Amino acid sequence: MQAPLSASSPPKPHIEVDHLVVNFGHVPAVRGVSFSVLPGEQLTLLGPSGCGKTTTLRAVAGLEQPASGEIRIAGVPAYSSARGINVPAEKRGLSMVFQSYAIWPHMTVFDNVAYGLRVRRTSAPKIAEKVNDALDMVQMREFASRRAAQLSGGQQQRVALARAFVFSPAVLLFDEPLSNLDAKLRADMRIELRDLQHRLGITSVYVTHDLEEALAMSDRIVVMRDGLIEQVGTPDEIYSLPRSVFVADFIGSANLIRGRYRPDLATDNLIALETPAGHVIYGMAYGRPVGSELVVSVRTVHLGISSERPARTQNVWPVRVEQTVFQGDFTQVHVGWGDQRLVARCAAMEPIAVGREVYLTIEPRRVVLLGE
Amino acid sequence: MERHARPVTGSAVQSAGSLVSAQKMAGYGVAAVAAVLVVYPVFFLLQASLDVGDPQVRPPSAYGLDNFGGLFQFPQILLNTLTVSLAATVMALLFGFVMAWILSRTNVPGRRLFEQLMIMPYYLTPLLGALAWGLLGAPESGFINEIWRALGGRGYLIDINTAYGIAWVMALFEGSVAFVMIAAVMKSMDPAFEEASQIIGASRIRTMLRITLPLVAPGVLGAAIFVFAEMLGSFAVALVLGLPSRYYVVTTAIYQLVQQYPPKIQTAAAMGVSLFAVMFVMLFVYRRIVMAGSYVTITGKAFRPRVIDVGPLRLVLLGICVLYLFAAVALPLVTLLYASLQKIAVIFPAAENWTLDNFRTAMSMNAVRSALGNSLLLGFGTATIGVLLMGLLAWVIYRSRLPGSGLIEYVVMFPQAVPRLVFAFGLMWAWVVFPIPIYGTIWLLLIAYLTVFLPLGVRTIAGVMLQIDKSLEECAQMCGASWAFRMRTVTVPLLRPGLIAAWLLLFIASIRELGASILLMGPHSKVITPSIVESWFGTSSELTAALALIQTLVVALAIIVLIAVTRRIGAHPID
Amino acid sequence: MADIENEKVTRRRLLTVGSAITAVPFIGMAAPSVLTQARAKSPTKVLDFLTNADVAKAEQEGQLVFYCHENEAGTAGIVEGFHNDFPKINTSYVRAQTGALYNKILSERSAGRFDVDVIQLSDLAPAVDFQHKGGYELYESPEASAYKAEHLSSPAGSFFWTGVDFAGITYNKSKVTPQEAPKSWHDILDPRWKGAISCKISASGLQFVQWYTLRKLYGPDFWKKFANQKPHAFDSRVQLFDRLAKGDDKVTAIGEYPAYILFKGKGANVEFVAPADGLPATPLIVGAVSKAPHPEAAKLFVDWAMSKRGQAWYQTNPNLYYGSVRTDAPPMPTGVRLGDFKLLYPSDWDEYMASRDVFAKEWNGMLGL
């Protein structure tokens, strides 16, 4: 539950990570990462493998030993290199769902979920009540006395979830919990997890390499690369306003266009750049610095393909269809544009023959200037 | 579902410098024990080897390298050791490779049974093998030679008391370790490599030569080095078969130097140190070849290798398996039985040569009454304490993140490089001056066994431990469990089948132990295998055969009972 | 009373050695035990012999730890005899060849371990040395009157000769023709026995005696020539005769008479030769050890061993077959007495003891270490 926003009391962060550095031997995995998580929000660490997101998560959990930096939970340092503090993982009051689920095969489902409560010396009747409630929430109640080793992947995942929140932790950490599931299950679980998190109102830090997952579930996303943060923002911001080539590219489905800045053609609040092939394209700066060489990004979904010439004047070009890729719900249309090929995502439509001449149009506000 | 913030309270915050958790205490405690066990005797060994003063004076009056210089007087011993070890290694690798290939790559019937049986020579011990083959292959009185002469041959067919005879017996009985290692290598090879070769159209032979062999080569090379190091430290066979003709290898020379009158302790110590330096280097090379995780023989995935249909060759290969087991198990046992029932063992005894006296005498000897009891007791003690100690050590080294765990691993694996006899030498010296009177008692043997079995036990338990996903323990941590709690509720239950296997292994190892025990036995602490050796030195071979058979039988019974018991309390399947 | 002829050990000799020893102050507990002796207890009769030990106390102690040079069966045989007569006293033993055994007890004592009650050695030299070091308990047995002074320690009370072991040449009749058979000591140097002849290791008391006496007779080259025979050397006579009986060796240069009797009885085709120049012989020395954990049992054992009963056991047990030096002992089971043989003892015990190191070096060198 987020505290109501008011001018005089901005919500205090629940977790703060400050200049965190984690090394594996001589290899730096996390090279100075800072972010904070607000109470009740889900923050997702997103990035390609090797970017340090899991390491960061595990450092917050207390399972990795950082080299320097500070980690505060509810304002109290759990790790501080400056002050020589390092609280062991079991005392941080966090909870975690592992990628491999880590279901203990020698215990029943009930015992698995009850573990955290037993550690906290909860009374037996209370344990039974809480465990059953938790199992209900993940629809695993009927499996309570089943041996944990006999469950399927999806079932194990739910048990892992129930186990993680049954003792009402303040924070839930997720280490790519859905990556071992098949696509359909993943899609379903995504929604369930999001639901659960909202209902419980638990602060969550989530790690994934899957863009869709991040966009669907997060309140805010931290995009990481090579041990550093590339961009922090809401899903919409990340998606619509990527800050760098990497983020734009990683988020996927982005066309990158490079060109020379044409200050003479700037109108309203639009900027213009000229590609080496001579096309002029109008876009928006969104506060990013404007240099002499620019890179802009356009989502594939924002490229319009039509057989008739549209009415507007800016950002309209005749192009040739070079390839189409049928994807069911949509079709990818590759068009030749100057010396570049652009990809448009078009909703299901009449198949377009390769080689046809069509018109490409892009709304200028969809052409986003990138930072570098 | 209530939500309450669980703040990290001040009391839970501890500064990293003064963290005294149960984990650290147990970890460092157990590491200290291991260090004392290993380093203390080695120190004395080194001290003795550098002592150039009067041997009777302790502590040493003068230090120097003269003892090592004196070793050059014995070039023959070095040559003998190399000859025997090389020959034995080559033979052991041959047996091991052939058997491994037959049992994991061909469709010979009864493969699984044979794999189980391959461990029998290990149980029987090289000592028994040496005794039996001594009876079979002595140039004058050996059964095989007597049959040879009866068939019209002249002189003798085989002389087991030579370098190659010794190597043969060593390979038969100590070679099963080569089999285990090579079989593991074969099982860790992805059959897809061979399948790819065959799809392209290569013949089976070509695939074997160009694909299989090169893939298997590094593993086999590693096994070769390991086996060679083991052969260098081998003792029992050279003792029984080499000593009569005064054919010494380094280990038996050390034994002889210590036992003779007056003993040449310093020379023996120098020999011991030199031997272990060589073995150390070999094992270092071995680890570099086999790279990280070498103590776990099967890491990660084990594939099911493609089985080749060898058609009519199946019977021939089956014959080879049977032949190996015949030579290493059946023949020795039958030979010993045959000899034990005679007054003077010959191959064609007269009617009055048969007797049960040997068994009668054997039953009344110290060696049977107290030695059996001591051995079983010691086996229990070693296995139980060992599992606890080595389990904790394995955890400290491979799972905890305590600083210095690398060093501890080094210390624990150190006895691998030191032949048991040499280690016992240091132990003998180290504990005779210890204020607590454990010298000559069963406690000293216990300490000795725990020390020399450290690599074996830690490696076995580590192998099982490493197969347990780390996240299972981490998750318990995240649920708030302290180290002790999660050890008890998660780690140990998951480890249980592995711990039981390690227990049995340690039990068997301690019962068959010779090299360390033979120097440390006292009047009240006789144990089986050395007392068989004593009997061989001091009584007739027929009596020794009877003794050996009685003891083997009792131990076999004990092991069967134990296996049955542990099956009950032990295994439950884990994914 | 048959005398042992050609016995070079004179009373005077032993007394000289003995007085030299008494001049050296005893170590440790020897002083109190001297006091014990001063009390002059009157002996009690137990079974059919006399003892100064407190039998009840000995049985209370309930244990006897025996260190002996004999092979396993022999040692087990000795303590079995004692245990049969005193079932309440459990026995345990350690056996090792004399050299190694003596070594062991010395290093134990130097480390402060006193675990032994009685020790039996097959060589006078270490026995005297041990006496010199105060290792023996001073105990005057009432049975000592049945022994000549030369068969007791000097002064009496440390140890006694529980028997005599002697050796000639023995060969396997099925491997050796009568023409080839060795007749004198020189025959063991015959090159035809190269690689087919056996002897004992340097820790053996009797082997030391044989070396010393034959060297005295034939000069130092004798044994150097023997080295060319590449003999097989063993710890115990049982091993030697085991091999001889099976034909693994054709001749043994140190064929002990008791072993010959034993194996002949087993049906082995072996023949004993007593060379005219004499048979090297060594006393078998038993004594109670000082600072023993079970002192009364130790004393009782000494008395038992010295008694007619004990000596009969030593003489008739097939693993022992010792010749007894007790003045009233019957003949050996085969009918012969020690006196029937020409036994060679070291003529000069001092020189003998002093040459130990030379022997060890030469013998070990012959055997490769």
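All residue numbers refer to positions counted from 1 along the written sequence of the respective chain. Lettering for chains starts from A, numbering for ligands starts from 1, and both go in the order in which the items are written. Side-chain atom pairs in this predicted model are given and counted only at pLDDT of 80 or more, local residue features only at pLDDT of at least 70, and totals for whole chains, interfaces and linings cover all residues. Note that water and hydrogens are dropped before the side-chain values are worked out from all heavy atoms of the structure.

A. Broad picture of helix 10 (residues 257-266) of chain C. Residue and element names in this part refer to chain C. Accessible area is worked out with a 1.4 Å probe on protein chains only. A residue is then buried under 20% of its type maximum, exposed over 50%, and partly exposed in between. Secondary structure elements follow DSSP: runs of H or I no shorter than four residues count as helices, runs of E no shorter than two count as strands, and numbering proceeds from the N terminus. Among the 10 residues that make up helix 10, 7 are buried, leaving the element largely enclosed by the rest of the structure. Along helix 10, the residues classified as buried are Tyr257, Pro258, Ala259, Tyr260, Ile261, Leu262 and Phe263. Turning to helix 10, the residues buried within the fold contact strand 6 (160-172), helix 9 (237-246), strand 9 (251-256) and strand 10 (270-273). Looking one or two residues past helix 10, Gly267 carries a phi angle of roughly 100°, positive in sign. We call two residues in contact when some of their heavy atoms are within 4.5 Å.

B. Representation of the sheet that holds strand 14 (residues 280-283) of chain A. Only strands that DSSP links by at least two bridges are regarded as paired with each other. On the basis of which strands lie adjacent, the open sheet formed by 5 strands has the order 14-13-12-15-21 (chain A) and antiparallel pairing. Lying at the two open borders of the sheet, with one neighbouring strand each, are strand 14 and strand 21 (368-369) of chain A.

C. Inspection of empty space enclosed by the protein at higher detail. Residues and elements named next belong to chain C. Only protein atoms enter the calculation, which uses a 1 Å grid: trapped sets of points that fit a 1.4 Å probe without letting it out are cavities, open sets showing protein on both sides within 12 Å along at least five of seven lines are pockets, and any residue with an atom within 4 Å of a point is a lining residue. Grid points are joined across faces, edges and corners, and a volume is the space filled by probe spheres set on the points. For the structure on display, the rule yields 9 cavities of 30 Å³ or more. Of the pockets and cavities examined, the largest cavity occupies roughly 100 Å³. Surrounding the largest cavity, 16 residues form its lining, His69, Gln97, Lys200, Arg237 and Glu256 being those nearest its centre. As a working rule, the residues Ala, Val, Leu, Ile, Met, Phe, Trp, Tyr, Cys and Pro are called nonpolar, Asp, Glu, Lys and Arg charged, and the rest polar, with Gly in that last group. Of the residues belonging to the lining of the largest cavity, the class tally is 2 nonpolar, 7 polar and 7 charged.

D. Quick peek at the pattern of salt bridges. What makes a salt bridge here is a side-chain nitrogen of Lys or Arg within 4 Å of a carboxyl oxygen of Asp or Glu, nothing more. Considering all chains together, one arrives at 44 salt bridges over all chains under this definition. A salt bridge links Asp357(B) to Arg360(B); the shortest N-O distance between them is 2.5 Å. Here Arg360(B) and Asp357(B) lie together in helix 15 (residues 357-364), a separation of 3 residues that amounts to about one turn. For Arg360(B), a relative accessible area of 55% puts it in the exposed group. Members of the salt-bridge network, linked through shared partners, are Glu16(A), Asp18(A), Glu70(A), Arg72(A) and Arg83(A).

E. Quick look at the pairing of strand 3 (residues 63-68) of chain C. Counting buried residues in strand 3 of chain C gives 5 out of 6 residues, a clear majority hidden from the surface. Handedness of a crossover is defined as follows: orient the strands so they point away from the viewer, and if the path from the first strand over the helix to the second runs clockwise, the crossover is right-handed. Handedness of the strand 3 of chain C-helix 4 (residues 72-85) of chain C-strand 4 (residues 90-95) of chain C crossover: right-handed.

F. Focus on the interface of chain C and chain B. In this assembly, 43 residues from chain C lie in contact with 44 residues from chain B. Defined in terms of a 1.4 Å probe, buried area is the accessible area two parts forfeit on being brought together, summed over both. With both sides pooled, the region where chain C packs onto chain B buries about 3,600 Å², and carbon together with sulfur makes up 55% of that total. When the buried surface of chain C facing chain B is broken down by residue, Arg113(C), Lys246(C) and Leu369(C) rank first, second and third, together holding 21% of it. Inspection of the chain C/chain B interface yields 2 salt bridges. Of the charged contacts in the structure, one is a salt bridge between Glu140(B) and Lys175(C), with a shortest N-O distance of 2.9 Å. We define a polar contact as two N or O atoms separated by no more than 3.5 Å, with the added condition that, inside protein, one atom must be a possible hydrogen donor and the other a possible acceptor, whereas residues neighbouring each other in sequence contribute only through side-chain atom pairs. Viewed at the interface, chain B and chain C are joined by 7 residue pairs in polar contact (both at pLDDT 80 or more). Mapped onto the side of chain C that touches chain B, the elements with two or more residues apiece are strand 3, helix 4, strand 4, helix 5 (98-110), strand 8 (232-234), helix 9 and helix 14 (356-367) of chain C.

G. The packing of helix 11 (residues 295-306) of chain C against helix 12 (residues 308-316) of chain C, seen in detail. Residue and element names in this part refer to chain C. Helix 12 packs onto helix 11 with a crossing angle of 70° between their chain directions and a minimal axis gap of 4 Å. Compared by their axis directions, helix 11 and helix 12 come out roughly perpendicular. Along the contact surface, helix 11 presents Phe301, Trp304, Ala305 and Met306, while helix 12 presents Lys308, Arg309, Gly310, Gln311, Trp313 and Tyr314. Looking at side-chain class alone, the contact of helix 11 with helix 12 contains 6 nonpolar, 2 polar and 2 charged residues. The axes used here are C-alpha line fits, helices contributing only the stretch in contact, and every angle between their N-to-C directions lies in the interval 0 to 180 degrees. Roughly parallel covers angles under 35 degrees, roughly antiparallel covers those over 145, roughly perpendicular covers 65 to 115, and oblique covers all other angles.

H. Structural detail: unusual backbone geometry. Here the residue pair Ser154(C) and Pro155(C) is connected by a cis peptide bond, since its omega of 0° sits within 30 degrees of zero. For Pro155(C), the position within the fold is in the loop between helix 6 (124-132) and strand 6. Residues other than glycine seldom take positive phi values, yet Ala102(A) does so here, at roughly 55°. Its identity is not glycine, yet Asp226(A) carries a phi of approximately 55°, on the positive side. With respect to the helices and strands, Asp226(A) occurs in the loop between strand 10 (220-225) and strand 11 (228-233).

I. Local environment of the pairing of strand 14 of chain A. All names here are of chain A. Alignment of strand 13 (residues 271-274) against strand 14, held across 4 bridges, turns out to be antiparallel. Residue pairing for strand 14: Glu274 is matched across the bridge by Val280. What sits between the antiparallel neighbours strand 13 and strand 14 is a turn of 5 residues, in which Gly278 has the positive phi angle 100°.

J. Up close: the packing of aromatic side chains. Only centres within 6.5 Å qualify two rings of Phe, Tyr or Trp (six-membered ring in Trp) as a pair; their planes then separate them into stacked at under 30 degrees, edge-to-face at over 60, and tilted for everything else. The tally for this structure, following the rule as stated, stands at 55 aromatic pairs over all chains. When the ring of Tyr338(B) is compared with that of Trp354(B), the centres are 5.7 Å apart and the planes differ by 80°; the resulting orientation is edge-to-face. Of this pair, Tyr338(B) sits in helix 14 (residues 313-340) while Trp354(B) sits in the loop between helix 14 and helix 15, and the two are 16 residues apart along the sequence. Judged by its relative accessible area of 24%, Tyr338(B) falls in the partly exposed class. When its relative accessible area of 40% is taken as the criterion, Trp354(B) is described as partly exposed. Members of the aromatic cluster, each reached through a chain of ring pairs, are Phe208(C), Trp211(C), Tyr212(C), Tyr218(C), Phe222(C), Trp223(C), Phe226(C), Trp349(C), Tyr352(C), Phe359(C) and Trp363(C). The residue whose ring lies beneath Arg120(A) is Phe167(A), and the NZ or CZ to ring-centre distance is 3.9 Å. For a ring to carry a charge above it, either NZ of a lysine or CZ of an arginine must fall within 6 Å of the ring centroid while also lying within 35 degrees of the normal to the ring plane.

K. Looking closely at the sheet that holds strand 17 (residues 316-326) of chain A. Residue and element names in this part refer to chain A. Spatially, 16-20-17-18-19 is the arrangement adopted by the 5 strands of the open sheet, whose pairing is antiparallel. Each edge of the sheet is formed by a strand with only one pairing partner; in this case those strands are strand 16 (303-306) and strand 19 (340-347). Strand-to-strand twist of the sheet, defined as the mean angle between neighbouring strand axes without regard to direction, takes the value 45°.

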